[in-house]
Amino acid sequence: MKKLISSLVVLLLLVSCCLIAAFPTSASDINYDDFDIIDGVLIEYLGEGGDVVVPSVDADGNPVTHIDSRAFHKNTDITSVVISEGIETMGDEVFEYCENLTEISLPYSLTETGYSVCRSTNLYALTFPGQLKVINHDFNTGGPITDLVISSGVEELKSDCFYGQFEELILPESVYLVAGIFRGGMRNTQKDWRLYVLNPDCELGIVDAKDEYFETYGSVAPLTFGYEGCKCKIVVYGLKDSPIKDYVNTYMKDKMGTVTARFAGLDQDEIDELEKKNEERSITKPTTEEKPDETDPDDTDPDDDKKGDDKKDTATDGGSDSTMLIVIIAIAGGFFLLIIVVVIVLVVVMSNKKKKKKKKKAKKVEEVVDEVENVVEEATEENGEEE
């Protein structure tokens, strides 16, 4: 029985440890010595690499909103990066030439970036958040991206903003301008490629005046081109009879070398379905339940509302981490309490069994004593009779 109790205790301890380990670490586990942060700006990453979480607050709890240019530049030790909610802007070439970087998570709070942010990395997937209105020049070029999502809310794609090996790309209705040249899956590929342009009035191939490299095309250029052994077909999907059809026939036929392109018309219902599909994969603003206002509207003060909002925002920054920690402690405490209850129950059961055994033994002893006394009495009586 002792072995059974020991086995149960060990089993419960292992289960509780596994459950605790299943929860992500909180912000309190971040080593702030890995980051050089000054006045809300992450100047440089100083850590050993691997999986990196960029904090939205410094060691003193002050907000971090900007990642400076080249903060991770040419760091070949980092493999994945999660940029916490609260980071709003990034400079130029932040992760450029981080050759072993394969994963990056961008926050919805991100509103602006510099150029060449992830140039020459090895990202295989990338999702641009909806609050990032402009995807800047050379954001990601040179990577093997196969899964690319442009969230609803993005409005403009700058020249040469990315290329990869993806076979499908949806430009949501919010995108109204795509600059040329946009290298989408055109390097060393033999695959067909599908581009869905959901905004029928989207201006395609517009060359930024600052992009002197593309001056030879005038003010409009093809979206993409083929080179280095590329042999593929592009199908550009858009609303039937939209200006996109004329653009494809005019600018994407004869200026792409080994790449051929054609237009395919869609009905509005199909456009709506694609928009819905894209929204399901987009990084959009988290929905929060609004609590009913229990205060008297006549007693409200605009300044108090502003202060309340500030407090709410402040609480939100660290609230999720503290809540997670409380949940972990509660679960661990619950399991340890369960262990104690199980042990107590087993001890009580064992104690009752021992008492029952003692009673049985005592009863047997009494029966044996009674039998001995009876034998003695009978022997005494027989001896008396013989005398």
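One can find the structure itself at the top, above this paragraph.
Numbering of residues starts from 1 in each chain and follows the order in which that chain's sequence is written. Side-chain atom pairs in this predicted model are given and counted only at pLDDT of 80 or more, local residue features only at pLDDT of at least 70, and totals for whole chains, interfaces and linings cover all residues. Side-chain calculation: all heavy atoms of the structure are included, whereas hydrogens and water are not.

1. Re a nonpolar patch on the surface
Move 1: A contiguous nonpolar surface patch, about 320 Å² in accessible area, is contributed by Leu 337, Val 341, Val 345 and Val 349.
Move 2: The helix count covers DSSP runs of H or I at least four residues long, the strand count covers runs of E at least two residues long, and both are numbered beginning at the N terminus. In this structure, Val 349 sits in helix α4 (residues 302–386). Residues with no salt bridge and a relative accessible area higher than 30% make up the patches, which join like charges within 9 Å and nonpolar side chains (Val, Leu, Ile, Met, Phe, Trp, Tyr) within 5 Å. Every accessible area reported is derived by Shrake-Rupley at a probe size of 1.4 Å, with residue values counting cover from the shown protein chains alone. Here, a salt bridge means any Lys or Arg side-chain nitrogen found within 4 Å of an Asp or Glu carboxyl oxygen.

2. Details of the environment of Asp 201
Move 1: The topology assignment puts Asp 201 in the loop between β14 (193–197) and β15 (203–206).
Move 2: We classify Asp 201 as exposed; its relative accessible area is 58%.
Move 3: With 43 residues separating them along the chain, Asp 201 and Ile 244 place their C-alpha atoms 7.7 Å apart. Buried, partly exposed and exposed residues are distinguished by accessible area as a fraction of the type maximum, computed with a 1.4 Å probe on protein chains only: under 20%, between the cut-offs, and over 50%, respectively.

3. A short note on the sheet that holds strand β13 (residues 177–179)
Move 1: Pairing within the open sheet is parallel, and its four strands lie in the order β9-β11-β13-β15. In this open sheet, the two strands that pair with only one neighbour each are β9 (134–135) and β15.
Move 2: As defined by bridge partners, β9 adjoins strand β11 (residues 156–157) across two bridges and the pair is classed as parallel. Bridged to Ile 135 within β11 is Leu 157. Paired strands are those between which DSSP finds at least two bridges.

4. Describing unusual backbone geometry
Move 1: Despite not being glycine, Arg 70 has its phi angle at roughly 60 degrees, a positive value.
Move 2: In the Ramachandran plot, Asp 241 falls in the positive-phi region, its phi being about 60 degrees despite a non-glycine side chain.
Move 3: Its location among the elements puts Asp 241 in the loop between β16 (233–239) and α2 (243–251).
Move 4: Since its relative accessible area comes to 70%, Asp 241 is described here as exposed.

5. Describing the sheet that holds strand β6 (residues 89–90)
Move 1: Across the sheet, which stays open at both edges, the four strands sit in the order β1-β2-β4-β6 with mixed pairing between neighbours. Each edge of the sheet is formed by a strand with only one pairing partner; in this case those strands are β1 (35–38) and β6.
Move 2: Where β1 lies against strand β2 (residues 41–45), four bridges are found, and the strand directions are antiparallel. Opposite Asp 36, over in β2, you have Glu 44 as the bridge partner.

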